[in-house]
Amino acid sequence: MLDFKNIIADEVKKVTNIENIYDYIEVPANKEMGDFSLPCFKLAKEMKKAPQMIATEINDKLNISKEIVSETKVINGYLNFYVNPMAIVKTVLDEIDVKKEEYGSSNIGKGKNIVVEYSSPNIAKPFHIGHLRTTLIGNSLYRIYKFLGYNTIGINHLGDYGTQFGKMIEAYNMWKDEYDLSTDPINKMMDMYVRINDLCKKDDAILEKCRENFRLLEAGDKYCTDIWNKFKELSMVEFNRIYDILDVKFDSYNGEAFYANKMNEVVEKLESKGVLKESEGARIVDLSDVGIETPCIIQKTNGSSIYATRDLAAIMYRAKTYDFDKCLYVVAYEQNLHFKQIFAVAKYLVDEKYVNGLKHVSYGMVSLPSGKMSTRLGNVVKIEELLNETIEKAKEIIEEKNPELEDKEDVAKKVGIGAIIFNTLSTSNIKDQIFDWNIALNFNGETGPYLQYMYVRTNSVLEKVGKIPNASEIDINALNDDASINLAKELYKFNSIVKQSADKNEPYIISKYLIDVAKAFSIFYNENKIICEDKKLQNARVYLTYCANIILKTGASLLGIQMPNKM
Ligand code: ARG
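Note that the structure is predicted; figures quoted are calculated from it, not measured.

Using the criterion set out here, one finds 30 salt bridges in the structure. The salt bridge partner of arginine 211 is glutamate 208, with a shortest N-O separation of 3.9 Å. Taken together, the residues span about one helical turn, with arginine 211 and glutamate 208 both in helix α9 (residues 204-218) at a distance of three residues. Residue class for glutamate 208 comes out partly exposed when judged on its relative accessible area of 38%. The partner of arginine 241 in a salt bridge is glutamate 384, and the shortest N-O contact between them spans 2.9 Å. Highlighted residues: arginine 241 in helix α10 (residues 222-246) and glutamate 384 in helix α15 (residues 383-401), separated in sequence by 143 residues.

Turning our eyes to something else, we now look at the packing of aromatic side chains. Under the counting rule described, the total for this entry stands at 25 aromatic pairs. On the numbers, 5.8 Å between centres and 55 degrees between planes, the contact of phenylalanine 339 with phenylalanine 343 is tilted. With phenylalanine 339 and phenylalanine 343 both in helix α13 (residues 336-346) and four residues apart, the pair spans about one turn of that helix. Residue phenylalanine 339 is classed as buried on the basis of its relative accessible area of 2%. Its end group placed over the ring of tyrosine 193, lysine 125 keeps NZ or CZ at 5.3 Å from the ring centre. Seen from the ring of phenylalanine 443, lysine 401 lies directly overhead, with NZ or CZ sitting 4.5 Å from the centre.

We now examine a nonpolar patch on the surface. The grouping of Tyr333, Met365 and Ile430 at the surface amounts to a nonpolar patch, some 270 Å² of accessible area in total. Following the sequence through the fold, tyrosine 333 ends up in the loop between β9 (326-332) and α13.

Turning our attention to the packing of helix α6 (residues 129-147) against helix α16 (residues 408-424). Between α6 and α16, the shortest axis-to-axis distance is 10 Å and the interhelical angle comes to 85 degrees. Viewed along their axes, α6 and α16 adopt a mutual orientation that is roughly perpendicular. Seen from α6, the contacting residues are Leu132, Arg133 and Leu136; seen from α16, they are Ile420, Ile421 and Thr424. Of the residues contributing to the contact of α6 with α16, the split by class is four nonpolar, one polar and one charged.

Reading the values: the criteria
Residues numbered from 1 in each chain as written. Predicted model: local features only at pLDDT ≥ 70, side-chain atom pairs only at ≥ 80, totals over all residues. Heavy atoms only, no water. Salt bridge = Lys/Arg side-chain N within 4 Å of Asp/Glu carboxyl O. Helix = DSSP H or I, 4+ residues; strand = E, 2+ residues; numbered from the N terminus. Buried < 20%, exposed > 50% of the residue type's maximum accessible area, 1.4 Å probe, protein only. Phe/Tyr/Trp six-rings, centres within 6.5 Å; stacked < 30°, edge-to-face > 60°. Lys NZ or Arg CZ within 6 Å of the ring centre and 35° of its normal. Patch = residues over 30% accessible without salt bridge, like charges linked within 9 Å, V, L, I, M, F, W, Y side chains within 5 Å. Areas by Shrake-Rupley, 256 points an atom, 1.4 Å probe, with all protein chains shown as cover. Axes fitted to C-alpha atoms, helices over the stretch in contact; angles between N-to-C directions. Parallel < 35°, antiparallel > 145°, perpendicular 65-115°, else oblique. Contact = heavy atoms within 4.5 Å. Nonpolar A, V, L, I, M, F, W, Y, C, P; charged D, E, K, R; others polar.

Structure below.
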């Protein structure tokens with residue numbers, strides 16, 4: 001595909017001899033100012049001339065084919081480039097003809113490994129709406145990196161370890177006959193946990209028993225391990241139901257417990273580097289030299305390890321096992337300090353290249369508008385119910401709008417889940433969000449259902465004509481109206497949008513873009529009669545519809561959204 005920015009940069013380089021001129025070229029915010037712009041004030045120092053003069057001189061000497069850049073203009077010290085719209089149309093059509101569903105993919109990641117850690121709920125505790133957000137952001141990043149050719153490893157770092165399991169084992173010993181864990185186990189386990197915690201506050205003897213249970217668990221005692229396994233299995237059954245509904249997968253479920261026997265290595269290495277200090281009986285790494293005031297605790301007073309130590313063991317293990325270029329942690333911003341600490345300690349444990357690859361993809365809070373949810377547990381929402389109720393709502397809407405539709409169940413699932421995924425990925429990660437059904441399921445807003453609806457329109461056009469014309473038969477001059485050009489320009493951006501969203505680890509860049517594509521298609525569809533008398537015109541318009549169809553579907557799949565064929 002023609003890279004217009006590159007072509008322009010090469011030509012400007014010939015005239016200016018400035019090596020990195022590519023980096024100076026911008027995309028103007030205002031479309032009137034062209035497709036690309038060179039802000040010449042940035043060259044003024046180097047070229048020792050006024051910006052307006054530089055722009056004029058470059059413009060005079062420049063020799064770019066009119067077929068590529070139809071016009072250049074000097075405005076206020078900027079040199080603006082207007083790419084020939086038909087060149088854009090042509091290159092998009094040609095590229096889609098070659099790459100089809102692979103349009104936008106690349107091999108920039110070839111030979112590189114990326115670990116994406118996401119979801120990571122805690123066993124015996126509810127999967128809450130914050131976990132939904134990490135699950136969806138992580139799943140999308142996983143798909144985006146794969147699409148760019150990276151070897152991607154998705155990890156669910158389960159919270160399946162820690163002193164709380166000593167308490168859970170004791171609760172189980174005391175009350176197992178009171179709780180039938182064969183139904184709704186997580187809520188019941190949660191209940192047991194709250195109860196034993198209260199008891200521990202009042203009764204030191206029980207607390208001591210809980211501590212002993214955890215010591216036994218750490219030592220691999222069979223009885224304790226069996227109970228702990230039971231909690232884990234019961235929780236996984238629940239979590240897997242959610243992952244199934246969302247179509248989210250992982251390559252590894254190595255969670256905290258997996259690192260229980262790998263923590264000595266961390267302690268030994270920190271010892272050998274001489275950075276482990278005693279502080280009030282605990283062992284810590286002081287990080288004040290890098291501006292982090294709170295030290296990282298490695299071992300508690302009683303010798304037992306903690307969350308951070310398990311994460312450090314995980315870094316060592318992942319470096320060795322996956323030889324990663326990047327290791328992303330999609331975890332809520334509440335854990336910002338934790339990740340700062342462990343990344344700072346990591347430099348004592350693994351090579352610098354791995355330390356540089358560690359990245360906390362931090363995300364904001366999710367809340368619900370009060371009074372609208374049917375089920376709430378404090379601020380913990382039962383996700384499965386949220387998902388199922390959204391599917392129900394989608395079904396009601398479909399029933400009302402299109403009662404004759406086939407496969408209503410399947411479509412309702414795609415629309416309901418698509419609405420949730422889109423809503424979750426429609427703002428930048430770090431922004432807090434409110435989940436509101438009425439907004440998420442609105443077919444006319446900037447929502448998942450709107451995207452799906454526009455996709456379905458492209459489908460019905462393609463279905464009506466039956467056969468997609470050959471790209472070689474298309475007369476691109478039939479697409480020289482504003483609506484067609486505008487749509488082609490949007491489609492052209494897909495490559496760079498996918499790369500940007502990976503660079504920033506922000507799926508919302510894709511979600512926002514897809515709305516632009518859908519809107520551009522909507523205008524194109526409303527202003528042009530696609531199926532018409534003039535077959536030359538029809539073929540060209542059908543082909544452009546086909547291009548939009550592919551990009552909407554591929555883009556949505558990068559977010560984890562499935563498109564219904566009809567709705
Ligand atoms: N289990 C934790 C939670 O639910 C998240 C784990 C994050 N990942 C990590 N490597 N520490 O809050």
